Structure formats: structure tokens, C-alpha cells
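A look at the structure
Now for the letters of each chain:
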Amino acid sequence: MNRNQSFLTRFFSHNIVLLVLAFILSFTAWLLIKTNDETDSTAVIKDVPVTIELPEAAVNQDLKLFKGGDEKVSVKVKGSRVEVAYLTEESIKVTSKQSSQLTASGSYTLDLTASPASLTSGFSIESIDPPSIECFVDNELEREFTIDNKMSAEFKDKDNKDKLSVDYALSTATVKVSGPTTQVSKINSVAIVDTVTAVDANFDKTLTEKLLFFDEAGNELTDQETDMIKKDVNEVEVKVTALPTKTVNLAVKPVNGPSKNVPEITISPKTVTIAGPSDTLKAIGNDTIIIDSLNFSELDNKNQSKKISIKAPTGCKVVSENKEAQVSVDLSAYSQKFVTATISNRIDATAYNVEFASNTVDITLIGPEDKLDSITASGITAIADFTGMLDNVENKKMQLTVPLKISLSSDYADCWIYNSYTTQASVSKND
């Protein structure tokens, strides 16, 4: 026993032996590591982007790739354990040899191929998941639509239905859409559709509504039919407020007409319902709103009728179905007469020299026949109105087209002047 220990002690005490033993152990460890590194290993690299480039023929037709340009796939690779462990989605390039076929509008199925992004890489491609992608190529179309409000309300108390109106204030009135012509051209209208419930006099809420697309037949387009369309707004904020209502009479304001015995003006409908703040509704005098003026200088002796948009007071809105009124006045009982009147002016003759191309003007009058029979030029005043026209007049004569202010004496207050009139004048400034 002692003899053996003495031999081992002497054996390992030699430096050469220790060096040889260390070399053998190191080489063995290196060999094991090297063998393990060179062993093939597989891995799946996720979220590898697909690169699809349109051919020149498609670019020349302004075609764009609306689907398939942002796809990502998973790629199974094989290589040394060390190299595979450090691979990322940027280490692999995924394309399709069939991209050269994308030369016309339409849908395409493209088979994918993958390769190392670097030529010096040593790994290989085992498979791609999915092995193909769907692409869509088309020209781009952009359109703008007014957002239709198709919202409705259910009142908490049925009696409020006739006393309240619901106002919908949209955060934006229009939406711009863009995308493939095939999809955008299907859109006929854009709207918000919803039902507001439990509305009472104090109802005041802001809702967020999704935009919906409709075709020409009024059918809602599906998400699949609009999946490639981009919008500048996806949702609309809608402030929903309950407003009190009031029924008011409609009237028009006669202008440039007779000051007495004014012809009867009929309006249909005679009344409408408006909605607005309580204070505004209470302030409407005689429960009547003036929707427009009726200019008699534009009316001859015939049965006149025209449509006028019903304008509610500021801050209010018309909630009746009728948004227009038919305004009629029967003037067929009146007569027409032509009268020649003398033109005068009120310019300071010491400051300006005025010469008219004609000192008279032929005027058309409309009124009761007995009144027109008695009227003469002395009952008509025709004044050339130079208001605001003399500021640039110098010593040299200027030719001006001057409007005429024409009026009738009080004896003919139930007649009126048909049309507007002007005269030509030569004006110069005196030294």
C-alpha cells in the first residue's frame, strides 16, 4: 500500500506528466464543445415581414398594393445551434417569385419563398407558415362624404314626444375615405345609426358613434367589403340634447311694394314646429317668425308663387317635416302702366358737373287700374343715386352707370314700381 502511494506520488510529481494530462483533458473538453456546436438544430423565427414589390408595369398604371404588403409569417430554420440561437426576423428575407404577376387590379394568391438575408449565413430554410398570402392590387380612390344622421330617440315619457325634440350635434360633418377603387366606389353614403333611450327634458349626453357605410340600395356594407378603406375619422362624438318645442306662425316681409292695401300673401304651411332654448322660444314676438322678404319690385301683375326655405331663429331648428314654405300672392287683378319720369340728382353743382345720357327714364308701374289711369310724371320722383361713386372722380370726365331711386307720391301708395333702373352719366370734378 505504501509502495503504491509512493509510486503515484512520484508519478504525478513530474511536470511533464501534469502537462500531458492537462492537454488531454483540455482537448477532450474542446472536442465535446465543438461537436455539440456543430450539431444541427431547428428553430421557428416569428414575425418575419413579407416583402412584395410591384412590377414596373403596375407602377406605370398607378396601381397600389392594398393587401399583402404588411403580412408577417413564421419561418422554420435549420443550422448550427449557436447560429440559430441568434437569428431574428431581420435575418430572413421572405418574398414571392409570383409578384411579377401583379399587373392588373384584382386579388392574387402568392406562394412565398424565404432565404437568409445575408449571403454568409449558414442556416437553411425548412418551412414557411403560412406558405402563401392573399394580395389585392388596385388604383386608389379618395372621396368625401357628408355624415348622415340616422339616430333616433325613445322618450322616457310618451307625453314628451310632442313637447320635446332631440338635437344631435356632430363633432365633424364630413369624412374623407381612401382605398382601392373597387371598395370605395361601392360607398353611396356614410351615416351614424343609433337609438337614444330614456330621453327626458334634462337629457344631455355625449355619445361616441361608429361610422357606417351604405351602398346605393341603402344596404350596409360589411367589414369585409370595406376592410381596405382608410378614413380620416373612425368615430364621431355626438352631443345629444333634449330641447323644448313651439309651434309658430310663418310670415314674409313685403319690401318695395304698396304701403297700403297690400295684396294678401298666403303661406303654406301656415305654421311649423321649431325647437330651441326656452328663452329664445319665449322671445318670439306674436309667435311668428319671418322666413324671408317678398320683393314686389320683382313681381308683375300675375299670379305669383315661389318656394322659400323656412329659417328658424338663431339657435333654433325646424323640427316639422316641412322645411320649405310655398308663398303665393295673386296680382292678376292689378294693371300695368308705362310712365316716363324726369331724372334729377342731388349733387352739389358747384363741385361736380353731371350730364345724363338721357334726362328721362321709362318706368313700369303696377297697381289698381283707376289709380294708374290718374298717375302722371309729377307723381313720380327719379333720383340718380351717386352714393359712394364720386370719391375717384377727377377733372377728367368719367362715365358711370348710376342706380335710380324711384318713389311714388302718397296718392299712389297702393301701387309699386316694377323692376330696377339705372342711367348713364358723365361726371367730372369742377376746378
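Anything mentioned here points back to the structure above.
Residues numbered from 1 in each chain as written. Predicted model: local features only at pLDDT ≥ 70, side-chain atom pairs only at ≥ 80, totals over all residues. Heavy atoms only, no water.

Describing the overall build of the chain
Counting its secondary structure elements, the chain contains seven helices and 30 strands. By the compact-globule yardstick of 22 Å for 431 residues, the chain is too spread out, its C-alpha radius of gyration being 45 Å. Principal axes of the C-alpha set define a box for the chain whose edges measure 165 × 70 × 45 Å. Considering the chain as a whole, with its 431 residues, one finds that 34% of them fall into the buried category. (Helix = DSSP H or I, 4+ residues; strand = E, 2+ residues; numbered from the N terminus. Rg over C-alpha atoms; globule rule 2.2 N^0.38 Å. Buried < 20%, exposed > 50% of the residue type's maximum accessible area, 1.4 Å probe, protein only.)

Concerning the sheet that holds strand 25 (residues 352-356)
Reading across from one edge, 25-30-28-27-24-26-29 is the order of the seven strands in this open sheet, with mixed pairing throughout. This sheet does not close on itself; its edge strands, each paired only once, are strand 25 and strand 29 (416-418). Going across the sheet, the axis of each strand differs from the next one's by a mean of 40°, ignoring polarity. (Pairing = 2+ DSSP bridges. Axes fitted to C-alpha atoms, helices over the stretch in contact; angles between N-to-C directions.)

Quick notes on the packing of aromatic side chains
One pass over the full model with this rule turns up three aromatic pairs. Note on F296 and W416: the rings are 5.2 Å apart at their centroids and 80° apart in plane angle, and the pair reads as edge-to-face. With F296 in the loop between strand 20 (288-295) and strand 21 (303-309) and W416 in strand 29, this pair connects stretches of sequence that are 120 residues apart. We classify W416 as buried; its relative accessible area is 1%. By the ring-pair criterion, three or more aromatic residues cluster together here, those being F296, Y334 and W416. Over the ring of F214 we find K150; its NZ or CZ atom is 4.3 Å from the centre of that ring. (Phe/Tyr/Trp six-rings, centres within 6.5 Å; stacked < 30°, edge-to-face > 60°. Lys NZ or Arg CZ within 6 Å of the ring centre and 35° of its normal.)

As for the pattern of salt bridges
Counted under the stated rule, the structure contains eight salt bridges. Among the ionic pairs, K302 bridges to D300, the shortest N-O distance being 3.9 Å. Close ionic contact of D385 with K405 constitutes a salt bridge, the shortest N to O distance being 3.9 Å. A residue pair is termed long-range when its members are at least 10 positions apart, and D385 in the loop between strand 27 (380-384) and strand 28 (398-408) and K405 in strand 28 qualify at 20 residues. What makes K405 exposed here is its relative accessible area of 54%. (Salt bridge = Lys/Arg side-chain N within 4 Å of Asp/Glu carboxyl O.)

Let's talk about the sheet that holds strand 1 (residues 40-49)
Spatially, the three strands line up as an open sheet ordered 1-3-7, and their pairing is antiparallel. The open sheet has two edge strands, strand 1 and strand 7 (124-129), and neither has a second partner. Strand-to-strand twist of the sheet, defined as the mean angle between neighbouring strand axes without regard to direction, takes the value 25°. Alignment of strand 1 against strand 3 (residues 72-80), held across eight bridges, turns out to be antiparallel. Among the inter-strand pairings, V48 is bridged to a residue of strand 3, identified as V73.

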